[in-house]
Amino acid sequence: MSQVPEDDLPEQLRIRREKRAAIVARGAEAYPVAVPRTASLAEIRERHQGLDVDVSTGVIESVSGRVIFKRDTGKLCFATLREGDGTELQAMLSLDKVGEEQLNLWKSEIDLGDIVSVTGEVITSKRGELSILAKSYNLAAKSLRPLPVEHKPLSEETRVRMRYVDLIVRPEARTNARLRPAVMRQLRESFNARQYIEVETPMLQVMHGGAAARPFKTFSNAYDMDLFLRIAPELFLKRCVVGGLERVFEINRNFRNEGADSSHSPEFAMIESYQAYGDWNTMADLTRGLVQEAAMAVYGTHQVVHHDGTTFDLGGTWREANLYDLISDGVGEKVTPQTSLEDLKKIAAKLGMKVDPKWITGKLAEEIFEHVTEGQLIEPIFVRGFPVDTSPLVRGHREVEGLVEKWDLYVQGFELATGYSELIDPVIQRERLVEQASLGAKGDLEAMNLDEDFLRAMEYAMPPMGGMGMGVDRLLMALTGLGIRETILFPLVKPEEN
RNA sequence: GGGUUGUUAGCUCAGUCGGUAGAGCAAGUGACUCUUAAUCACUGGGUCGGGGGUUCGAAUCCCUCACAACCCA
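Residues numbered from 1 in each chain as written. Chains lettered and ligands numbered in written order. Predicted model: local features only at pLDDT ≥ 70, side-chain atom pairs only at ≥ 80, totals over all residues. Heavy atoms only, no water.

Chemist: Is there a simple way to explain the environment of Ile132 in this structure?
Modeler: In this fold, Ile132 is placed in strand E5 (residues 130-141). Assessed through its relative accessible area of 1%, Ile132 is described here as buried. The sequence separation of Ile132 and Phe78 amounts to 54 residues, and the corresponding C-alpha distance is 9.8 Å. (Helix = DSSP H or I, 4+ residues; strand = E, 2+ residues; numbered from the N terminus. Buried < 20%, exposed > 50% of the residue type's maximum accessible area, 1.4 Å probe, protein only.)

Given below as structure tokens:
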């Protein structure tokens, strides 16, 4: 932030700076180290419920909060204080309780947005409003900037750029900020109840892997080498299972150097978990359990109510469908894993799709799937059986040639989670990764690397297992109906020009 | 990457055909001992996102850059 000369400041900022200076000049503190506080506003409300009109309780308390409304009348002033979770309490300052000097200072020095401490008796006003009738007050922190209008919504951009202000003025912002940790807490409890162990694996990786995505690259001065921000923790979690951590999960950030839109953020929180002796079906049950338990924890029901008021049913067992059946239905002709690349290209052309010549057969099939189901798949559905050539870490389907045991969970039209029966044969795994490396050499920027240490770990024998991954931000989206940038407190925004 | 729309007071937004910049809230001064988005009176506040062009004259038309939202890939 550049330094603006004092007299170039907008009027309202200049006036507040002058008030701060005046407070300091008369020997008071604009930013004291502590202020009196005996109870939160919520505690005062809790302890003094159901009082009649115009009651004096005789109870003296000190409370603090941000001034969000201020109504100065001649000898009796009112202010509404708000604390972090949105709880509000009225403060009253009267001439006969605080004296003329303090009342005048309150009127002249305290502005909307300031944080104050008020000490006095808990009463109800003649209109019945629970209030603190001040004996004294202290400024806790002077706000040098005016609050935005309380009754008009902030523009979307300002909400994201100044989330701290958004949190002060918008109830939904406060709710959303608290919803996320509540979901995280439940996720960990759900895993814990199933005897899963939480581990933390590297975010700075020598070699990125575990997903098809372009990474962020960085450099370590100490090690004098390139490093990557991880795109997935998969290969490290599987190493854990080799070592006997039979049920593991990790909830942490992944980074993908790709486009950002209403459901993609360059950094996003991801749950991944692996269960020895499980398979894709085990992981589907686990995933449904995690989602439903999260819904129950935050809403007390599986019928979640979105921010726009619509309800969405996450309950029951969810529909399942085969990927190639959905493709066949969507394009109106039979498509199988054996359908050739050429035939798929004809279908894509008929659909008016733009085809990247680098796409391999399975990739094109998946693109056609996304094209024909665009905007559908609203109710939760497990889409099962993906092509082998795009899923190098997944075990071959036990019944259908050319497929792997992988499902994608779709909710509200977007992909919420994915689950596998994991490939555990190190010889086949090496073949698949060699194939990926050759795709990479041909210019596929999303292709996976040959991770020799991962293959060595597999050669020590990895037990049969299932694995799953779910985006935490997307889980929040499914629970709230919000866009991804509303589920993240501080999504990336380009700096404003000065 | 392509297209569309937007950027005006602290905030949210108007601004007609190109002719001296508007509102509500917020702010300043004064009045008011029961207000609840208090009320009443008066007052101040603008590089109209940045740069360039057309014109006697540009918030408005054109070009360009930045940022944002939405749609498409």
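Additional details are given in the paragraphs that follow.
Chemist: What is the right way to read the pairing of strand E9 (residues 225-229) from this model?
Modeler: As a general feature of sheets, a regular strand has side chains that alternate between the two faces. Bridge count between strand E7 (residues 204-205) and E9: two bridges; the pairing is antiparallel. In the sheet register, Leu204 faces E9, and the bridge partner there is Leu229. Connecting strand E8 (residues 217-220) to the next strand, E9, in antiparallel fashion are four residues, including Asp224 with a positive phi near 50 degrees. (Pairing = 2+ DSSP bridges.)

Chemist: What is the right way to read unusual backbone geometry from this model?
Modeler: Excluding glycine, residues mostly carry a negative phi; peptide bonds, for their part, are mostly trans. One non-glycine residue with positive phi stands out, namely Gln195, at about 65 degrees. Here Gln195 shows up in the loop between helix H6 (171-193) and strand E6 (197-198). Taking the relative accessible area as the measure of exposure, Gln195 reaches 58% and is therefore exposed. The phi torsion at Ala461 lies on the positive side, around 80 degrees, for a residue other than glycine. Within the secondary structure, Ala461 sits in the loop between helix H13 (452-459) and strand E18 (465-471). On the basis of relative accessibility, which here comes to 52%, the residue Ala461 falls in the exposed class.

Chemist: Help me understand the pattern of salt bridges, please; the structure alone is not making it clear to me.
Modeler: For side chains of opposite charge, pairing can occur when their charged atoms come near one another. Scanning the entire structure with this criterion turns up 38 salt bridges. Between Arg180 and Asp473 there is a salt bridge, with its nearest N and O atoms 2.9 Å apart. Here the residue Arg180 occupies a position in helix H6, and Asp473 occupies one in helix H14 (residues 472-480), the gap between them amounting to 293 residues. Looking at Arg180, the relative accessible area reads 18%, which means it is buried. On the basis of relative accessible area, Asp473 is assigned to the buried category, the value being 2%. Lys346 is paired through a salt bridge with Asp343; the nearest N and O atoms lie 3.7 Å apart. (Salt bridge = Lys/Arg side-chain N within 4 Å of Asp/Glu carboxyl O.)

Chemist: When you look at the sheet that holds strand E17 (residues 414-421) in this model, what are you seeing that I'm missing?
Modeler: Paired through their backbone hydrogen bonds, the strands of a sheet run either parallel or antiparallel. With mixed pairing, the eight strands of this open sheet are ordered in space as E6-E10-E11-E18-E17-E16-E15-E14. In this open sheet, the two strands that pair with only one neighbour each are E6 and strand E14 (319-322). Here strand E10 (residues 247-255) runs beside strand E11 (residues 267-276); their pairing, made up of nine bridges, is antiparallel. Across the sheet, the residue bridging to Phe249 is Ser273, located in E11.

Chemist: Hey, could you run me through the packing of aromatic side chains in this one?
Modeler: Applying the stated criterion across every chain yields a total of six aromatic pairs. With 5.8 Å between their ring centres and 35 degrees between their planes, Trp318 and Phe382 make a pair best called tilted. One end of the pair, Trp318, is in the loop between strand E13 (311-313) and E14; the other, Phe382, is in strand E15 (residues 381-387), with 64 residues separating them in the sequence. Like Trp318, the residue Phe382 is buried in the burial classification. Here a set of aromatic residues connected by ring pairs shows up, and it is made of Phe191, Tyr196 and Phe249. For the cation-ring pair, Arg384 lies above Trp280, with the distance from its terminal atom to the ring centre recorded as 3.9 Å. (Phe/Tyr/Trp six-rings, centres within 6.5 Å; stacked < 30°, edge-to-face > 60°. Lys NZ or Arg CZ within 6 Å of the ring centre and 35° of its normal.)

Chemist: I keep staring at the sheet that holds strand E4 (residues 115-124) and nothing clicks. Help me out?
Modeler: The five strands lie next to each other as E1-E2-E3-E5-E4, forming a closed barrel whose pairing is mixed. On average, adjacent strands in this sheet sit at an angle of 50 degrees to one another, irrespective of strand direction. When E4 meets E5, the two strands line up antiparallel, connected through ten bridges. Opposite Thr119, over in E5, you have Ser136 as the bridge partner. (Axes fitted to C-alpha atoms, helices over the stretch in contact; angles between N-to-C directions.)

Chemist: Would you take a moment to explain the pairing of strand E2 (residues 76-82) for this structure?
Modeler: Buried residues dominate E2, accounting for six of its seven residues. Sheet topology places strand E1 (residues 56-72) next to E2; six bridges connect them, and they run antiparallel. Within the sheet, the bridge partner assigned to Arg66 lies in E2 and is Arg82. In this structure, E2 lies alongside strand E3 (residues 88-94), joined through seven bridges in antiparallel fashion. Its bridge partner being in E3, Cys77 is matched across the sheet by Leu93. Here E2 folds back onto E3, and the loop between the two strands holds five residues, one of which, Gly86, carries a positive phi near 100 degrees.

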